[in-house]
Amino acid sequence: MANAKTAGEVTQHDVEQFLYEEAALLDGWKLNEWLGLLTEDIEYVVPATNLPGGSPATALYIVADDMVRLRSRTTQLLEGQVLVENPRSRTRRLVSNVRILGRTDTTLEITANFAVYRAKHEQVHVFMGRYDHELVVTDGGLKIRRRTCTLDLEALRPHSAMTFIL
Amino acid sequence: MLDGLVRDDVEGGQFRVHRRVFVDQPIYDVERDRVFNHSWLYVGHVSEVANPGAYQIRKVANRNVILVRGEDRQVRVLLNQCTHRGTLLCREQRGETKFFRCPYHAWTFDVSGKLTAVPDEDSYGEGWDKGGFNLKEVPRTENYRGFVFVSFDREIAPFADSLQGAREYLDLVCDQQPEDGWEVLPGTHKYSIPANWKLLVENFVDNYHFAILHNRYLQYMRSIGVSVGPQGARSGISRSASLGNGHGACEHQQLASLGRLAGHWGGMLPEWTKEPLAEIRKKLEERVGVERAYRIAQTNRNLRIFPTFYLFDHISPVIRVMNPVGVDCTEVQEWVLGPKGESPEMRALRMRNYNLQVGPGGFVSPDDIEVLALTQEGLKNPELEWLDDSRGMKLGRTLSNDEQQVRGLHRHWHELMTLGRVTHPVNV
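Residues numbered from 1 in each chain as written. Chains lettered and ligands numbered in written order. Predicted model: local features only at pLDDT ≥ 70, side-chain atom pairs only at ≥ 80, totals over all residues. Heavy atoms only, no water.

Q: Run through the environment of Gly236(B), naming residues and quoting values.
A: All names here are of chain B. As for its placement among the helices and strands, Gly-236 is situated in the loop between α7 (215–223) and β15 (238–242). Gly-236 sits in the exposed class, given a relative accessible area of 55%. Residues Gly-236 and Thr-299 lie 63 residues apart in sequence; the distance between their C-alpha atoms is 9.4 Å. (Helix = DSSP H or I, 4+ residues; strand = E, 2+ residues; numbered from the N terminus. Buried < 20%, exposed > 50% of the residue type's maximum accessible area, 1.4 Å probe, protein only.)

Structure representation (structure tokens):
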């Protein structure tokens, strides 16, 4: 993003490029670099499959991480402590249908569709759904403050678990 | 075929189970009847169907059932199937309704299962036995302190009797709240594990693997400045128990010392919870006495009600239920229990902690899921025939990380499978 000062100056193209860069970092297991795209007050959440609209304060979530948990989660992944990700699974994510839904002076509400193909044990599972992010315009470019990944799956079957960053 | 699958050498202190128990399709086919048609199986909690007409659809022993509260406030478990041509009747996961209507020919049943409307009913002629077409109820349904269990065996012993030693542990969870005090909180986890259901049974009440397989959880705890107590013999209360009828439990304190919402403050919980937790503890002591309150509030426990129901009473109680769908695939579903009327701050804390630990995206369960998948894969090798569950047996020891509860599971399973031809000693 070329030195945009306000959210009003951020273009559709900027947002798309940002999401593509993020996807490339995640697929490339560059998780420390990915953490650099997040604000310190990040909320990374994956709602339960049967309750996509719930709040993490009152309902069950598959993932509800703040920065402390996310740093630990990425360290666990990078150090091979997560059994299913050691050896690492392969992911390839397709991000599309990007829309800017709202803006303030410093923030953008954006949504996009995702399909993450995940290969492990010589099987492929698809995790598909919708991103709803709050992006913040900072001196260092766009950052993510809220990252909601709502799966369209009715159950994690046969996926079993959610171990990589969606 | 079935009589020699378990080697139970009490004198030699050795307990072994043959790998075929986990991989053989013919054994699985026999289990479907001898185990699942003759046990008590969990369906749901009464708080999930609080109002008349409220329902949840569930799978129990591969049957489709509806847990529903009638207009008479009675909780029933009906087979989710139209009595006309057998079509699956209700397709919504949950809701509230006045009736269930079949999509095929619009036969309509009220929420107690009574057939109320049939299009062009006159075509069945005079004296037609309409009452004979009410929805079928599961042969036995019992509600134990809010937990609804069913059995497809009409002659099975009453649920409370069949619990044997498990009743003590279930009551330790129920007693944390006054009657009707628990409710199932919104949201559920549904996932599957590519492993035989008995591998899950062994794992869910096994404390031996915890510090090893789940080291990343303990490391996370240390990273946020919480120190985890010692395991096994050095950890205060530490026991595993074989409770009869295949039920089992383990109790331990090394994580309980980090805090329990049942009434014990520890380093995992924020400072502001000290006061409300002391208040909860005081009420608990008034209700059940100081000694019992200590056990309830300062001990973690895993309970198995054979074959499919698990209660993880850790920082907050979690229900986990399994439904085997093949010899090497098992569906799992989880819910969290919370007290009715809990403050929003405590509720948020309860959810926050649950989301971290149990569940398919937490820092614990994914490693269980994967290790069970790896075990199922390993068991494809026919050369390693016998698997071992002898830990603690020779010593007569039953610490939380010993394997007595695993032996109790396989002994009961073996007796069911051989129709009692092979019996085993208990509590060894």
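Q: Give a detailed account of the interface of chain A and chain B, specifying residues and quantitative values.
A: If you look at the interface, chain A gives 34 residues, while chain B gives 37 residues. Between chain A and chain B, a total of about 2900 Å² is buried, with carbon and sulfur atoms accounting for 52% of that surface. Together, Leu60(A), Arg69(A) and Arg157(A) form the three largest contributors to the area buried by chain A at its contact with chain B, with a combined 26%. Our count for the contact surface shared by chain A and chain B stands at two salt bridges. (Contact = heavy atoms within 4.5 Å. Buried area = accessible area lost by both parts, 1.4 Å probe. Salt bridge = Lys/Arg side-chain N within 4 Å of Asp/Glu carboxyl O.)

Q: For the sheet that holds strand β2 (residues 61–65) of chain A, give the residues involved together with the corresponding values.
A: All names here are of chain A. Read from one edge to the other, the open sheet built from six strands follows the order β2-β1-β6-β5-β4-β3, with strand pairing classed as mixed. The two strands at the open ends of the sheet, each matched to only one other strand, are β2 and β3 (90–103). Within the sheet, the average angular offset between the axes of one strand and its neighbour, ignoring direction, is 20°. Here strand β1 (residues 38–47) pairs with strand β6 (residues 141–151) via four bridges, running parallel. Counted as the bridge partner of Tyr-44 is Arg-147 from β6. Taken strand by strand, helix α3 (residues 67–78) contacts β1 and β2, and its axis lies near 75° from that of β1. (Pairing = 2+ DSSP bridges. Axes fitted to C-alpha atoms, helices over the stretch in contact; angles between N-to-C directions.)

Q: Outline the side chain of Ser365(B), supporting the account with residue identities and numerical values.
A: Relative to the helices and strands, Ser365(B) resides in helix α11 (residues 365–378). Here the side chain of Ser365(B) touches Gly359(B) through a polar contact of 3.3 Å, landing on its backbone nitrogen. (Polar contact = N/O pair within 3.5 Å; in protein donor to acceptor, adjacent residues only side chain to side chain.)

Q: An account of the sheet that holds strand β8 (residues 99–101) of chain B is needed here, citing residue identities and associated values.
A: All names here are of chain B. What the three strands build is an open sheet, ordered β8-β9-β10; its pairing is antiparallel. Looking at which strands have only one partner, the edges of the open sheet turn out to be β8 and β10 (115–117). Ignoring which end each strand starts from, the neighbouring axes of this sheet average 35° apart. Pairing of strand β9 (residues 108–110) with β10, which is carried by two bridges, proceeds in the antiparallel orientation. Within β10, the residue paired with Thr-108 across the bridge is Ala-117.

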